[in-house]
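Results of the structural survey
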Amino acid sequence: MPRQPETKPQPKAGSERADLVRFQLDDRSQAGFSAVWVEWTIKNSSSEKSDCTWSREAVRADGTRVANSTEFVTDVQPGQTATGESLTTLRNAEDVKLNITSFDRTAGY
């Protein structure tokens, strides 16, 4: 199946949350095996090395939460972009919306 249209985050200008610049579902299921991934990109807009933690939930069109998870990204240098992907427990990505429930950036050591 093709990728779900990218969900565009709408953070407040200047907030830590603005560092999460992209996240989307990618349904790679085939031959009857489920494989739905979340792809993400974080850009460190601070002036120091940072660690980021963000939580998300997957919600069906009827409002039912069907999954949730937390991501950890460490040692992102100032101005650096980090990308990644994580396998989800979703069986498919149809009618699923991703919501970011929290985002925190702290100084990395």
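An account of the accompanying structure is given in this report. Sequence order as written defines the numbering, with residues in each chain counted from 1. Under the rules for a predicted model, residues below a pLDDT of 70 receive no local features and side-chain atom pairs below 80 are neither given nor counted, while totals for whole chains, interfaces and linings still include all residues. Based on all heavy atoms of the structure, the side-chain values leave hydrogens and waters out of the count.

Right, let's talk about the side chain of asparagine 44 for a bit. Labels follow the DSSP assignment, with helices taken as runs of H or I lasting at least four residues and strands as runs of E lasting at least two, numbered in each case from the N terminus. Relative to the elements of secondary structure, asparagine 44 occurs in the loop between strand E2 (36–43) and strand E3 (50–60). We call a residue buried when its accessible area falls under 20% of the maximum for its residue type, exposed when it is over 50%, and partly exposed in between, using a 1.4 Å probe and counting protein chains only. Assessed through its relative accessible area of 1%, asparagine 44 is described here as buried. Pairs of N or O atoms within 3.5 Å make up the polar contacts considered here, provided that, within protein, one atom can donate a hydrogen while the other can accept it, and that residues adjacent in sequence are counted only when both atoms are side-chain atoms. At 3.3 Å, the side chain of asparagine 44 and the side chain of serine 50 are in polar contact.

Attention shifts here to the pattern of salt bridges. By definition, a salt bridge exists where a carboxyl oxygen of Asp or Glu is found within 4 Å of a side-chain nitrogen of Lys or Arg. Taken as a whole and judged by the stated rule, the model has eight salt bridges. With a closest N to O distance of 2.6 Å, arginine 28 and glutamate 85 form a salt bridge. On the criterion of sequence distance, the pair formed by arginine 28 in the loop between strand E1 (20–27) and E2 and glutamate 85 in strand E5 (residues 81–87) is long-range, its members being 57 residues apart. What makes glutamate 85 partly exposed here is its relative accessible area of 40%. Put simply, glutamate 57 and arginine 65 hold a salt bridge, and the shortest N to O gap is 3.8 Å. Residues joined by salt bridges that share partners form a network here, namely Arg22, Asp26, Arg28, Glu39 and Glu85.

A separate point is the side chain of aspartate 27. Here aspartate 27 lies in strand E1. The side chain of aspartate 27 sits in the buried core without any salt bridge; arginine 28 is the nearest counter-charge, 8.2 Å away. Within polar-contact distance, the side chain of aspartate 27 engages the side chain of serine 29 at 2.7 Å. Within the structure, the side chain of aspartate 27 is placed 3.5 Å from the backbone nitrogen of alanine 93, a separation counted as a polar contact. Here Asp and Glu are counted as negative and Lys and Arg as positive; His is not counted, and neither are the chain ends.

With antiparallel pairing, the three strands of this open sheet are ordered in space as E4-E3-E6. Both edges of this open sheet fall to strand E4 (65–76) and strand E6 (96–107), since each of them pairs with a single strand only. In this sheet, adjacent strand axes meet at a mean angle of 15° when their direction is disregarded. For two strands to pair, DSSP has to find at least two bridges joining them. Every axis corresponds to a line fitted to the C-alpha atoms, with the helix fit spanning only the stretch in contact, and the corresponding angles, defined between N-to-C directions, vary from 0 to 180 degrees.

For the rest of this paragraph, the subject is the pairing of E5. Going residue by residue along E5, you find Ala82, Gly84 and Ser86 tucked away on one face and Thr81, Thr83, Glu85 and Leu87 left uncovered on the opposite face. Sheet analysis places E2 next to E5, joined by seven bridges and oriented antiparallel. Among the inter-strand pairings, lysine 43 is bridged to a residue of E5, identified as threonine 81.

From the geometry alone we can't say anything about function, so treat these as descriptive.
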